[in-house]
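# Structural features, examined
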Amino acid sequence: MKKVGVVLSGCGVYDGSEIHEAVITLLALARAGAEAVCFAPDKTQAEVINHLSNEQASETRNILVEAARITRGVITPLAEARAAELDALIVPGGFGAAKNLSDFAATGIACQVDGELRRLTRELHEQGKPLGFMCIAPAMLPKILPMPVRLTIGTDIDLAEMLEEMGAEHIPCPVEDIVVDEDHKVVTTPAYMLATRIDEAAAGIEKLVARVLDLSA
């Protein structure tokens with residue numbers, strides 16, 4: 001059975017992992033006969049957002065503890081992830097990717113990526129194992145991998161220009177499709193960068209999971 005690392009960034013689109021993207025990923029992996037091995041940083045979220053009012057809340061939350069809500073408690077600190085034990089890696093989106101796994105939301109092209117995520121992703125890449133990033137998560141790839149990568153965050157021209165300034169080759173992509181960098185085994189899809197319904201997000205995510213698993217053969 002293939003083991004695929006899934007890195008989460010909390011619980012909730014505005015301050016953590018996009019829950020639909022995370023659950024669709026886990027479901028697609030299970031249906032394909034693969035084992036999802038979930039990780040999240042064991043540190044405090046950048047901020048907490050009330051998802052009913054979309055206003056910032058005056059409290060603190062732990063990324064790992066919040067992500068455990070999605071995985072029914074079966075999750076490990078990202079620092080304990082080992083590339084040698086995994087066949088691939090998938091990172092769902094949500095603002096947590098741009099706030100907790102990196103600071104892209106605040107600093108843009110000058111962003112820094114969580115050190116453990118960078119370590120794990122680069123180790124997997126060096127071992128020739130595939131990577132799947134969705135929604136806004138691909139914005140971290142130019143800061144992780146030491147070479148230009150073909151990727152997508154959808155059709156947002158301003159964001160695409162930012163990613164190209166960071167060194168990526170951005171490919172416009174509809175919500176139901178994926179972009180595959182065959183040379184570097186990197187698969188990306190827009191998901192909720194473009195999706196307006198869960199089924200739209202699922203179409204691209206399911207293709208991403210299938211392609212990542214194919215590339216891990």
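### Let's talk about the nonpolar core
Counting residues in each nonpolar core, the largest one holds 36 residues, and the members touching the most others are L29, I75, I90, L208 and V209. Counting residues per element, the ones that place at least two in this core are strand 1 (3–7), helix 1 (19–31), strand 2 (35–40), helix 2 (63–67), strand 6 (88–91) and helix 8 (198–215). The greatest single-element share of this core, amounting to eight residues, is contributed by helix 8.

### Describing the packing of aromatic side chains
Under the defined criterion, the tally for this structure stands at zero aromatic pairs. Across the ring face of F95, the terminal group of K99 is positioned such that the distance to the ring centre comes to 5.0 Å.

### What about the pattern of salt bridges?
Within the structure shown, the criterion is met by twelve salt bridges. Salt-bridge contacts for D177 lead to K207; the nearest nitrogen and oxygen are separated by 4.0 Å. Highlighted residues: D177 in the loop between strand 9 (169–170) and strand 10 (179–181) and K207 in helix 8, separated in sequence by 30 residues. When its relative accessible area of 30% is taken as the criterion, D177 is described as partly exposed.

### Considering the sheet that holds strand 5 (residues 76–77)
Across the sheet, seven strands lie side by side as 5-2-1-6-7-11-10; this open sheet has mixed pairing. Of all strands in the sheet, those with a lone pairing partner are strand 5 and strand 10, marking the two edges. As judged from the four bridges shared by strand 7 (residues 131–134) and strand 11 (residues 186–189), these two strands associate in the parallel manner. Bridge pairing in strand 11 links M134 to T189. Along the sheet, helix 1 contacts strand 1, strand 2, strand 6 and strand 7; its crossing angle with strand 1, the most-contacted strand, is approximately 175°. Against the sheet, helix 8 engages strand 1, strand 6, strand 7, strand 10 and strand 11, with an angle of about 175° to strand 11.

Conventions adopted
- Residues numbered from 1 in each chain as written.
- Predicted model: local features only at pLDDT ≥ 70, side-chain atom pairs only at ≥ 80, totals over all residues.
- Heavy atoms only, no water.
- Core = buried A, V, L, I, M, F, W, Y, C linked by side-chain atoms within 4.5 Å.
- Buried < 20%, exposed > 50% of the residue type's maximum accessible area, 1.4 Å probe, protein only.
- Helix = DSSP H or I, 4+ residues; strand = E, 2+ residues; numbered from the N terminus.
- Phe/Tyr/Trp six-rings, centres within 6.5 Å; stacked < 30°, edge-to-face > 60°.
- Lys NZ or Arg CZ within 6 Å of the ring centre and 35° of its normal.
- Salt bridge = Lys/Arg side-chain N within 4 Å of Asp/Glu carboxyl O.
- Pairing = 2+ DSSP bridges.
- Contact = heavy atoms within 4.5 Å.
- Axes fitted to C-alpha atoms, helices over the stretch in contact; angles between N-to-C directions.

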